[in-house]
Amino acid sequence: MDKKTLKTLFAESLFQIPDYQRGYAWEKDQLIDFIQDIDALVEDKKVTSHYTGTVVVYRGSNAKTLDYERIEVKVVDVVDGQQRLTTSCLYLSVIIRALIKKGELEYQRDISDFLYSGPICKLTLNNDTGGIFYDLLKNGRPNTVAKSSHEKRLIDAYNRFQAHIDNQLARPGVDGIAYLKELYKAITTKLHFTYYTIEEECEIGMTFELMNSRGKDLSILELLKNYLMHWISRNADINDRSSLTAIINKNWKDTYTNIGSCTGDEDQCLRIAWTLYCTHSPANWVGYKGFKGDDYIPLRSFTKRSQEVTRKFIEQFANELAVISSHYAIIISPTKINVLSQDEFLWLSKIHHTGNIANFLPLMVAVRNHRSCGSISEQDYIKLLQALECYAYRVFLFQGKRSNAGKSSFHRWAFEILNKPQLIDVVIASIYELTRYYASEESFKETNTKPSNWYGSRNRLKYTLFEYELHLLATEGKGKEPNLIWEQLGDSTIEHILPQTPKVNSNWTSKWSPDEINTYLLA
């Protein structure tokens, strides 16, 4: 274990982020902390160093090398420290670009020392974010539109650093060149990292969890991967370690990629997997720690599950997690391109518009998985989505029940459908039965035959009128598209048509009695 600066780190190796690691995760709070740390090093000349955290790398026996600046340089995987290294490179690129712009051309040679040479970066990012990262380092702007949340965070970080430097240089009396040089010096020589190299790939998980320090907290998905790596190092046969490690890494890479393509999050996706493959009871969900129990993935005590059964479960769960994440990403962010059919897009969109989808996710993932495999028909899949839309409207929007109403039932049905897809008709019927339990046909019809205060629930009113317009367009408008799509409606208010104070001799007062006017003003 050594202490190194960015200058000594980058003098020795090329770094790459493995695809099974999460993408760039730092957001506003972490970036502000980083900026303040660097500014403190500039302002207080007595401070010569700042401990930034740990950089852990994996260098296997078959580690590759690349020609960089006509020198053969070894390439190592970053196990811990990727967020700090990525952020340092982004900020440094802004600083070097500003210095060169001010005529300090000697800093051009530092580009290859810390950022890139030709098409090769000193730090190569993962999960298809390397292109935008390279563009930002080289040009200060991306050449393509950011598609994932990781890419968007990279761009936001770069823009935040650029804005901070612009603001600092605009302050009265600031010597811009001197300030930029001090920033450069602070990042390259005053940030100190604890540097550690591991040789066994199966040690990565345990090392990462134990040594992770300041930064954005690990998600439960990352913690689980680390625990599985630790399990492998402790329990797997030496001849099986590489194979099982490769399975986990590959499936975690796919999972991160899928989740990065949608607006969902890692914790929610993992909870769906827990519901489907561990226990469907919401009360049993305790996050990542639940997987460590003796019933699922014990580390030492194999009284409830043998070591071999546990090993098989780990392999199966890793494989299924990637499949779950692919369906989850499409359900969370459906488009006309990524869905199985246009009917699926239509009904997924309707469920999203109700604003209530979380309870349904395990069931939707389980059914969609069977639909993609052919064990549930397209017709039955759409019938299920229609039942869920009816439930969301009647129970949540109309009846105003809490968002977790029926959660236990939906999770149980998800578990049952996963193992017995032939139960699809029974589950659909059960959804309608539960709908009637929370919002009976009698109360629904009776309430809607009388004027009521629909303005008390904006989303119910918005959803109802939008769907009614679609119905009218389909039945009387010859399939004409609405003038405004759902996303364009925003949170607009809907005004009364009946005047609150009609003129005495107007048509309103001649056609409507005072009682009628009063009734419909309150409706």
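Refer to the structure above for everything that follows.
The rules behind these values
- Residues numbered from 1 in each chain as written.
- Predicted model: local features only at pLDDT ≥ 70, side-chain atom pairs only at ≥ 80, totals over all residues.
- Heavy atoms only, no water.
- Phe/Tyr/Trp six-rings, centres within 6.5 Å; stacked < 30°, edge-to-face > 60°.
- Helix = DSSP H or I, 4+ residues; strand = E, 2+ residues; numbered from the N terminus.
- Buried < 20%, exposed > 50% of the residue type's maximum accessible area, 1.4 Å probe, protein only.
- Lys NZ or Arg CZ within 6 Å of the ring centre and 35° of its normal.
- Expected span 1.5 Å × (residues − 1).
- Contact = heavy atoms within 4.5 Å.

K.L.:
So what about the packing of aromatic side chains? Which residues, and what values?
P.N.:
By the definition in use, this model includes 28 aromatic pairs. Summarising the aromatic geometry, the rings of Tyr227 and Tyr288 are spaced 6.3 Å apart at their centres and angled 75 degrees between planes, so their arrangement reads as edge-to-face. Of this pair, Tyr227 sits in helix H9 (residues 220-235) while Tyr288 is found in the loop between helix H11 (266-277) and helix H12 (307-332), placing the two residues 61 residues apart along the sequence. We note that Tyr227, like Tyr288, is buried. The side chain of Arg305 reaches across the aromatic face of Phe313, ending 4.4 Å from its centre. Lying over the aromatic face of Trp486, Lys462 brings its terminal NZ or CZ to 4.4 Å of the ring centre.

K.L.:
I'd like a description of helix H19 (residues 458-475), backed by residues and values.
P.N.:
Its 18 residues place the ends of H19 26 Å apart at the C-alpha level, agreeing with the 26 Å of an ideal helix rising 1.5 Å per residue. Taken residue by residue, H19 has Arg460, Leu461, Lys462, Tyr463, Phe466, Glu467 and Leu473 as its buried positions. Close packing links the buried residues of H19 with helix H13 (342-354), helix H15 (378-398) and helix H20 (486-489).

K.L.:
Go over unusual backbone geometry, please, and point to the residues and values.
P.N.:
Unlike most non-glycine residues, Glu69 shows phi in positive territory, near 55 degrees. Relative to the assigned elements, Glu69 resides in the loop between strand S4 (65-68) and strand S5 (71-80). Judged by relative accessible area, which is 38%, Glu69 ranks as partly exposed. Backbone geometry places Arg70, a non-glycine residue, at a positive phi of 65 degrees. Its place among the elements puts Arg70 in the loop between S4 and S5.

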